[in-house]
Amino acid sequence: MTLVLATTLPGEAEIFASVQGEGPSAGVPCTFMRLSRCNLACVWCDTAYTWHFDGDDHPHRGGETFARIPNQMRMEAAEVANLVASLGQQRLVITGGEPLLQAPALIRVLDLLRSRLPGLFVEVESNGTTRAPPPLDAHIEQYNISPKLSHSGNPAQLALIPERLRFYAADPRAWFKFVVATPGDVAEAAALVRQHDIPPDRVFLMPEGTDSATLRQREEWLVPLCLQHGFRLSDRLHIHLFGDERGT
Ligand code: SF4
């Protein structure tokens, strides 16, 4: 059973230890595992190397497409589990791309890891368009769901599936993280929160941006909007610490 992973360099899987940069676990030490492939195509996606491969004509802000071979690699589940275990962290963040597209291989990796790291806490970052099948869901302690608003460029019927949003809204393990670039995006997020009964205290607003100056500027106007709606604010620590780099 193989996982399709993103790479930091050709032939090197993007599996690394760092601190979580966003959302409810910001600052917590963890191992990150970045999977390749996505079912959406956000124009501002900062990990376009996981899906915007040569020949893909979805618009993307950078205009760049990526050669598939150096940016994607297959690795056996046992090898992935060994690599994660070797990094010695008690928290695993599975991200992408959209990691829930690879449920069968993830189940195998997590089955293997549970015996190696009995106290492992598993966090999954997802765009919220899919659900984990029960054997995978049973391994997951926390979901970080990031529904994509209209400024992402995705059709709403693909990105905002009411049944899925309501499912995660009802799950106390699920946090919601809306990426926003303008106050209008916040208004759209607030409408979705009301419409789908998402508890406001499980909602983060996070500025879209891949440099510190942009994040800081947007956080200034986001604070009063968080106060107004009862939402939380998420920074992007890894951008301030390391810049917009792979493997951080
Ligand atoms: S859902 Fe996430 S990984 Fe997929 S295109 Fe959008 S930002 Fe990128």
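These numbers come from a predicted model, not from an experiment.

(A) Region of interest: the sheet that holds strand S5 (residues 72–76). Taking strand neighbours across the sheet as the criterion, the three strands line up as S2-S1-S5 in an open arrangement whose pairing is antiparallel. Each edge of the open sheet is held by one strand with a lone partner, namely strand S2 (12–13) and S5. Bridge count for strand S1 (residues 2–9) against S2 is two bridges, and the pairing is antiparallel. Its bridge partner being in S2, threonine 7 is matched across the sheet by alanine 13. Sheet strands touched by helix H2 (residues 77–86): S1 and S5. Its angle to S5, the strand with the most contacts, is close to 95°.

(B) Quick look at the nonpolar core. One finds Leu5, Met33, Leu113 and Phe178 to be the most contacted residues of the largest nonpolar core, which totals 56 residues. With seven residues, the top contributor of residues to this core is helix H3 (residues 103–116). Every residue in contact with methionine 33, bar those within four places of it in the chain, is listed here: Leu3, Leu5, Glu14, Ile15, Val80, Val84, Leu92, Val93, Ile94, Thr95 and Leu106. With 12 residues, the next largest nonpolar core counts Trp44, Tyr49, Phe53 and Met206 among its residues.

(C) Fine view of the sheet that holds strand S9 (residues 174–180). Taken together, the eight strands give an open sheet; going across it, the order is S3-S4-S6-S7-S8-S9-S10-S11, and neighbouring strands pair in mixed fashion. Either end of the sheet is taken by a strand with one partner, and the two such strands are strand S3 (15–19) and strand S11 (232–233). Contacting strand S4 (29–34), strand S6 (91–95) and strand S7 (121–126), H3 runs over the sheet at an angle of about 175° to S6.

(D) Summary view of unusual backbone geometry. Following glycine 96, the chain continues to glycine 97 via a peptide bond in cis, the omega torsion being 15°. With respect to the helices and strands, the residue glycine 97 is situated in the loop between S6 and H3. Notably, arginine 37 is not glycine yet its phi reads approximately 90°, a positive angle. Counting through the fold element by element, arginine 37 comes out in the loop between S4 and helix H1 (68–71). The class of arginine 37 is partly exposed, set by a relative accessible area of 34%.

(E) The packing of aromatic side chains, seen in detail. Going through the model one piece at a time under the given rule, you end up with five aromatic pairs. Each ring, one from tyrosine 49 and one from phenylalanine 66, has its centre 6.4 Å from the other, and the planes form 70°; the classification is edge-to-face. Of this pair, tyrosine 49 sits in the loop between S4 and H1 while phenylalanine 66 sits in the loop between S4 and H1, and the two are 17 residues apart along the sequence. Of the aromatic side chains, those joined through ring pairs into one cluster are Tyr143, Phe167 and Tyr168.

Cut-offs used in this document
Residues numbered from 1 in each chain as written. Predicted model: local features only at pLDDT ≥ 70, side-chain atom pairs only at ≥ 80, totals over all residues. Heavy atoms only, no water. Pairing = 2+ DSSP bridges. Helix = DSSP H or I, 4+ residues; strand = E, 2+ residues; numbered from the N terminus. Contact = heavy atoms within 4.5 Å. Axes fitted to C-alpha atoms, helices over the stretch in contact; angles between N-to-C directions. Core = buried A, V, L, I, M, F, W, Y, C linked by side-chain atoms within 4.5 Å. Buried < 20%, exposed > 50% of the residue type's maximum accessible area, 1.4 Å probe, protein only. Phe/Tyr/Trp six-rings, centres within 6.5 Å; stacked < 30°, edge-to-face > 60°.

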